[in-house]
Amino acid sequence: MRDGFICVAAGTPKIRVADCRYNAEQIFTMMREADKQGVKILALPELCLTGYTCGDLFLQDALLEGAMEGLRTILKATKHLEILTAFGMPVRAAGKVFNCAVAVQKGEVAAIVPKTYLPNYGEFYEKRWFESVDAFDLPLQLAVEIPNLEPDGDGAAALYTTLAQTVIECRGMDGLKVGIEICEDLWASDPPSRRLAEAGAAIILNLSASNEVVGKAAYRRQLVVGQSGRLCCGYVYADAGEGESTTDLVFTGHNMIAENGVLLAERRFSTGLTISEIDVQRLLYDRRRLTPFPPEYSYQQNQSGIPCHAWAEFTPCVTKLRRYHSPTPFIPENAADRSGRCEEILTIAALGLKKRLEHTGAKTAVVGLSGGLDSTLALLITALAMGMLHRPASDIIAITMPCFGTTDRTKNNAVLLAERMGATLRTIPIGETVKRHFRDIGHDLENQDVTYENAQARERTQVLMDVANETGGLVIGTGDLSELALGWATYNGDHMSMYSVNASIPKTLVRHLVDYVARDNLKKDEELTRVLEDILDTPVSPELLPAVQGQISQRTEDLVGPYELHDFFLYYVVRWGFSPRKIFRLAELTWGRTYSREIILKWLKNFYRRFFAQQFKRSCLPDGPKVGSVALSPRGDWRMPSDAAARLWLEELETL
């Protein structure tokens, strides 16, 4: 449970209809197996202790007493297990029978939760046998006789608990609360899970018996995933399966685990366990961040003064991580999803630029073209925006500004790209201008320090701004999100523009967007494809230091670290607020085969140092379109003082 992860499971045991002894054995056997696999919270199906399809047998004393005896068996068999398990059974109270979820841990009943919404249509006639809690004042508090385990195991006495909507608070893991609803509750317009989540439940268990018909699985999946997203919670859905009566219905054990709108694990047409981990810290962070999510209230007590909270207790431990974490969180791994995402991002960015060009009446769009990835993407987006405006690509002025570090490869690629896109190309060498500037300020040309580099970047920006003034245009920024996070930009150089189309696109995604256009244009323009592919193969470099034997001498990733690692860090720092220790753990798990522990730690420290020290550059960024959930605009996405100290974060990394 370290770092907020807790192992959960949805299980479907084999059962026999109305054979409570057999079913109890299957339930505690599954609990023991789940415990061996490190599961801390287990959900089992609705009425699985008796079988959901018992029909009028639910009114028989023999079945109801058999269910209680089955509960006793389960409690005795699992009194040494820490796993919190919820399973379904009929419960007698107030002279009626209720369809309930019973939560047990360490041989004791933690809570009994009644089903709120009873179906009474089609194949389901639950109101024929079960009482609805709607007939009582909520929260419902009724005494229920539960078999008690004496020290000798004879269970001579009985304890009494209450039937209520309950939030189970889990001691031993900060912030973890669990709520339970049953099958049809999820289908309701106002599910109990809504109130449970607002009362603090970060994990919702659903004990279900949902039969299978064509198309229902997809609808059920939408409900589970959607509810986890709406409530910003983990949702564990356990469905009835093999062993239920097939007189009219078939149950397939469709088990799912979802977290905040993402399906983590799924199993269907089988019995057994579906296991994953839910990141409770991640959920609680998002609830703090999302202003529409209300403050927690508490199920304190009902009119009789009986508390409605329940408790479970866990021993802190390290949860083994089985769930998948993408090494490239900004990029979908499915090819079809990736293509769709690329098309969407290009369109969003182009629409933003289209509006700015329309609003300002700009006659041209001026792009500094270096032959690198970022300026290439900026040109592609600008061309798309011009197309949306039904304007010719010649309204784009693409300027190459060769200087001390420019190679023939990048210069030629810039020229070819501008020609294939139909932009108006201008080549403006800046070497002599920069040398004259060095003479003016007394800087030695042989001193290739930060002044040597930044003077070139600022001169390029001045050229772009002046040409924009000459042509009545706007300077289109080329810097990307990863560079902004690291502060890898010259202040008032490439840091500045009149509209920055790449501002919320991380470097790893820039590469995929350019690759997408290269592939998409294969049949349309083979020459364009070839130049884009060569740009993709060119090392990332600002080209501010002299080339060596005609080759790029300055490689960005040698200086600041691999962008694939920095984008991984950026995602979890900004989007989820993870601690340095947790990010390092996930990076090791995800990137451990590519980078050593020492290398990952080195670049993570570098990320935090630069991220804090370079905030002043992000505090005055030009406008640019937001395309994803991670952005660093000072106007709404990231508000951080420029003088914030990184000490706490770096000290945590030092302990690793």
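Criteria and thresholds
- Residues numbered from 1 in each chain as written.
- Predicted model: local features only at pLDDT ≥ 70, side-chain atom pairs only at ≥ 80, totals over all residues.
- Heavy atoms only, no water.
- Disulfide = S-S within 2.5 Å.
- Pairing = 2+ DSSP bridges.
- Helix = DSSP H or I, 4+ residues; strand = E, 2+ residues; numbered from the N terminus.
- Contact = heavy atoms within 4.5 Å.
- Axes fitted to C-alpha atoms, helices over the stretch in contact; angles between N-to-C directions.
- Buried < 20%, exposed > 50% of the residue type's maximum accessible area, 1.4 Å probe, protein only.
- Polar contact = N/O pair within 3.5 Å; in protein donor to acceptor, adjacent residues only side chain to side chain.
- Right-handed = clockwise from strand over helix to strand, strands pointing away.

Asks: Help me understand the state of the cysteines, please; the structure alone is not making it clear to me.
Replies: Throughout this description, disulfide means a covalent bond between two cysteine sulfur atoms. If you walk through the whole model with that rule in mind, you get zero disulfides. Note on Cys-232: no disulfide assigned, nearest cysteine sulfur contributed by Cys-233 at a separation of 7.7 Å.

Asks: Sorry if this is basic, but what is going on with the sheet that holds strand E19 (residues 396-400) here?
Replies: What links the strands of a sheet is backbone hydrogen bonding, and the strands pair in either a parallel or an antiparallel sense. Ordered by their spatial adjacency, five strands build an open sheet running E20-E19-E18-E21-E22, and the pairing between neighbours is parallel. Lying at the two open borders of the sheet, with one neighbouring strand each, are strand E20 (424-427) and strand E22 (499-500). The strands touched by helix H6 (residues 335-360) within the sheet are strand E18 (364-368), strand E21 (473-477) and E22, with E21 carrying the most contacts at an inclination of about 155°. Contacts between helix H10 (residues 450-471) and the sheet are confined to E18, E19, E20 and E21, with E18 contributing the most and set at about 165° to the helix.

Asks: Teacher, can you tell me more about the sheet that holds strand E3 (residues 84-93) here?
Replies: Strand order in the open sheet made by the six strands is E5-E4-E3-E2-E1-E16, with mixed pairing throughout. The outermost strands of the open sheet, each flanked by one partner alone, are strand E5 (108-114) and strand E16 (272-279). Between one strand axis and the next, the sheet turns through 30° on average, direction left out of account. Note: strand E4 (residues 96-105) against E5, six bridges, orientation antiparallel. Within E5, the residue paired with Cys-100 across the bridge is Pro-114. Strands in contact with helix H5 (residues 280-289) are strand E1 (5-12) and E16; relative to E16, the strand with the most contacts, it is inclined by about 50°.

Asks: Even after reading the chapter, I still don't get the side chain of Asp-279, so can you show me in this structure?
Replies: Residue placement: Asp-279 occurs in strand E16. A relative accessible area of 0% places Asp-279 in the buried class. At a separation of 3.1 Å, a polar atom in the side chain of Asp-279 contacts the main-chain amide nitrogen of Arg-282. Asp-279 has contacts with Asp-3, Gly-4, Phe-5, Glu-259, Arg-323, Phe-578 and Lys-582, leaving out every residue within four places of it along the chain.

Asks: I keep staring at the pairing of E19 and nothing clicks. Help me out?
Replies: Regular strands have side chains that alternate between both faces of the sheet. Here E19 lies mainly inside the structure; five of its five residues are buried. Along E19, one buried face is formed by Ile-396, Ala-398 and Thr-400 and the opposite face, lined by Ile-397 and Ile-399, is buried too. Inspection of the sheet shows E18 paired to E19 by four bridges, in the parallel sense. Across the sheet, the residue bridging to Gly-368 is Ile-399, located in E19. You can see the chain leave E18, run along helix H7 (residues 373-388) and come back into E19, and the turn it takes is right-handed. Sheet topology note: the E19/E20 ladder contains four bridges and is parallel.

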